[in-house]
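# Coordinate analysis (summary)
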Amino acid sequence: MEKCIQSVLAGGEDVEVIIVDDGSTKDETAKIADEYAAKYPTIVKAVHQENGGHGQAVNTGLAHATGKYFKVVDSDDWVDLKSYRRVLATLKKFDEAEEPDMVIANYVYEKVGAKRKKVIHYDNVFPEETLFTWNDIGHFKMDQYILMHTVIYKTELLKKCGLQLPKHTFYVDNIFVYWPLPYVKKMYYLDVDFYRYFIGRDDQSVNEKVMISRIDQQIRVNKIMIDLYAKHESMLSCPQLKEYMLHYLETIQMVTSVLLMKMNTSESEAMRDDLWHYLEEKSPDAYKILKSSVLGKFTKSHNKLSHKLTMGGYKIAQKWIGFN
């Protein structure tokens, strides 16, 4: 956590660092937060709350934010100093009439034991260092998504779109990114390796075994994303935005389905069926598209061969992309 705080403090008076102590009792989060707030009173705010989970911590941070742009940095992670300075300089140069709603930068998997650090960049998707719209974007590859690590949102946009993450729920970073997308009109991309995403600790929320133990929360996030897509579906006039939102939803649907397949119980099969029925009920068109895709055919099926092929493909994707 202190490594994380030190990395963002390098922004000096240009940034407002909000440390949210989410009712922590097993470490010294509250003490560390208060010490930094006392040492840097013009930069750091320490906010203490009863435990509400990651989503509520983000909600609280947003409620206290007064800066023009809003960035979430998890306590396990940090930002690269050189890239950070470049990002801040870029944000400061925008004229009020030309301010982007969303700024995107690269992130790096800081994975424990990995021989090479995988960098997720978007130079093939977004125009570099210029304002652009959804109409200007290219095609995303399998490992390219606009994630919480990647994105800096305009604070005003997050508040206007009514973003509210569920309490006591992991994996809400997907909702954080997904919810505001239909409201984003102008974007800007910096090809710098800004965010350092630490991954590999055994008790980390994205560890596969941990995700399976919290499958109810993954399903909750999945269904909220289905609701969000269904809410905006008829109003998404830009084909590229609609395609991306459907692509992102498809990925979350497949991840949830694969985790349920790995559980391999009659209860998990019923949960998988329920998830697909939920999609069909909320968005029949999205259901038709996703169930007809290659991934959809395999992850929706109860056939043993489909199960085997899905698990094989999942292992290949794990190795290629580098997730846990």
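Only a predicted model underlies this, so the values are computations on that prediction, with no experimental measurement involved.

## Examining the overall build of the protein chain
In terms of regular secondary structure, the protein chain is built from 13 helices and eight strands. Computed over the C-alpha atoms, the radius of gyration of the protein chain is 20 Å, within 12% of the 20 Å expected from 2.2 N^0.38 for a compact globule of 324 residues. The dimensions of the protein chain, computed from C-alpha atoms along their principal axes, are 60 × 45 × 40 Å. Per-residue burial for the protein chain yields a buried fraction of 51% across its 324 residues. Long-range contacts, defined here as pairs at least 24 residues apart, represent 75% of the contacts in the protein chain between residues at least 6 apart. Split by element, the accessible area of the protein chain, about 15900 Å² in all, is 53% carbon and sulfur. Side-chain charges of the protein chain comprise 43 positive and 45 negative groups, with the mean position of each set lying 5 Å from the other.

## Focus on the pairing of strand E7 (residues 151–154)
Residue alternation in E7 divides its side chains into two sets, Val-151 and Tyr-153 and Ile-152 and Lys-154, and both sets are buried. In terms of strand pairing, strand E3 (residues 69–70) meets E7 through two bridges, oriented antiparallel. Within E7, the position partnered with Phe-70 by the bridge is Tyr-153. Alignment of strand E5 (residues 102–111) against E7, held across three bridges, turns out to be antiparallel. By the bridge assignment for E7, Val-103 is matched with Ile-152.

## Brief notes about the pattern of salt bridges
Summed over all chains, the structure comprises 13 salt bridges. For Lys-68, the salt bridge goes to Glu-99, with nearest N and O atoms at 2.7 Å. Of the two residues, Lys-68 is situated in the loop between helix H3 (53–64) and E3 and Glu-99 in the loop between helix H4 (81–93) and E5; the sequence distance between them amounts to 31 residues. The exposure class of Lys-68 is partly exposed, given its relative accessible area of 47%. For Lys-160, the salt bridge is made with Glu-156, and the minimal N-O distance between the two is 3.2 Å. Linking Lys-160 with Glu-156, this pair stays in helix H5 (residues 155–160), spanning four residues, or about one helical turn.

## Side note on the side chain of Ser-293
Relative to the assigned elements, Ser-293 resides in the loop between helix H11 (284–292) and helix H12 (294–300). Owing to a relative accessible area of 16%, Ser-293 belongs among the buried residues under this scheme. In terms of polar contacts, Ser-293 uses its side chain to reach the backbone carbonyl oxygen of Leu-290, at 2.8 Å. Beyond its immediate stretch of four places on either side in the chain, Ser-293 contacts Glu-250 and Met-254.

## Considerations on the packing of aromatic side chains
Taken as a whole and judged by the stated rule, the model has 20 aromatic pairs. Taking the centre distance of 5.8 Å and the plane angle of 55° together, the rings of Phe-126 and Tyr-189 count as tilted. Of the two residues, Phe-126 sits in the loop between strand E6 (119–120) and E7 while Tyr-189 sits in strand E8 (residues 187–199), which places them 63 residues apart along the sequence. With a centroid separation of 4.5 Å and an interplanar angle of 35°, the aromatic rings of Phe-140 and Tyr-244 are classed as tilted. Here Tyr-244 lies in helix H9 (residues 239–263) and Phe-140 lies in the loop between E6 and E7, a separation of 104 residues in the sequence. Take Phe-140 and Tyr-244: they sit in the same class, and that class is buried. Connected via pairs of aromatic rings, a cluster forms that spans Tyr-122, Phe-126, Phe-132, Trp-134, Phe-140, Tyr-145, Tyr-178, Tyr-189, Tyr-244 and Tyr-248. When the ring centre of Trp-78 is taken as origin, the NZ or CZ atom of Lys-3, which lies over that ring, is 3.6 Å away. Over the face of the ring belonging to Phe-170 we find Arg-214, whose NZ or CZ atom lies 3.6 Å from the ring centre.

## Describing helix H1 (residues 2–9)
Of the residues making up H1, those classed as buried are Cys-4, Ile-5, Ser-7, Val-8 and Leu-9. The inward-facing, buried residues of H1 contact strand E1 (17–22), helix H2 (29–39), strand E2 (44–49), strand E4 (78–79) and H4.

## A short note on the state of the cysteines
For the coordinates displayed, the defined rule picks out zero disulfides. Of all cysteine sulfurs, the one in Cys-238 lies closest to Cys-161, which takes part in no disulfide; the gap is 18 Å.

## Some words on the environment of Lys-291
Here Lys-291 lies in helix H11. Residue classification places Lys-291 among the partly exposed positions, given a relative accessible area of 35%. Separated by 38 residues in the primary sequence, Lys-291 and Gln-253 have C-alpha atoms spaced 10 Å apart. In this structure Lys-291 touches Trp-276, Gly-296, Lys-297 and Lys-300, once residues within four positions along its chain are discounted.

Cut-offs and rules
Residues numbered from 1 in each chain as written. Predicted model: local features only at pLDDT ≥ 70, side-chain atom pairs only at ≥ 80, totals over all residues. Heavy atoms only, no water. Helix = DSSP H or I, 4+ residues; strand = E, 2+ residues; numbered from the N terminus. Rg over C-alpha atoms; globule rule 2.2 N^0.38 Å. Buried < 20%, exposed > 50% of the residue type's maximum accessible area, 1.4 Å probe, protein only. Contact = heavy atoms within 4.5 Å. Areas by Shrake-Rupley, 256 points an atom, 1.4 Å probe, with all protein chains shown as cover. Lys, Arg positive; Asp, Glu negative; His and termini not counted. Charge placed at Lys NZ, Arg CZ, Asp CG, Glu CD. Pairing = 2+ DSSP bridges. Salt bridge = Lys/Arg side-chain N within 4 Å of Asp/Glu carboxyl O. Polar contact = N/O pair within 3.5 Å; in protein donor to acceptor, adjacent residues only side chain to side chain. Phe/Tyr/Trp six-rings, centres within 6.5 Å; stacked < 30°, edge-to-face > 60°. Lys NZ or Arg CZ within 6 Å of the ring centre and 35° of its normal. Disulfide = S-S within 2.5 Å.

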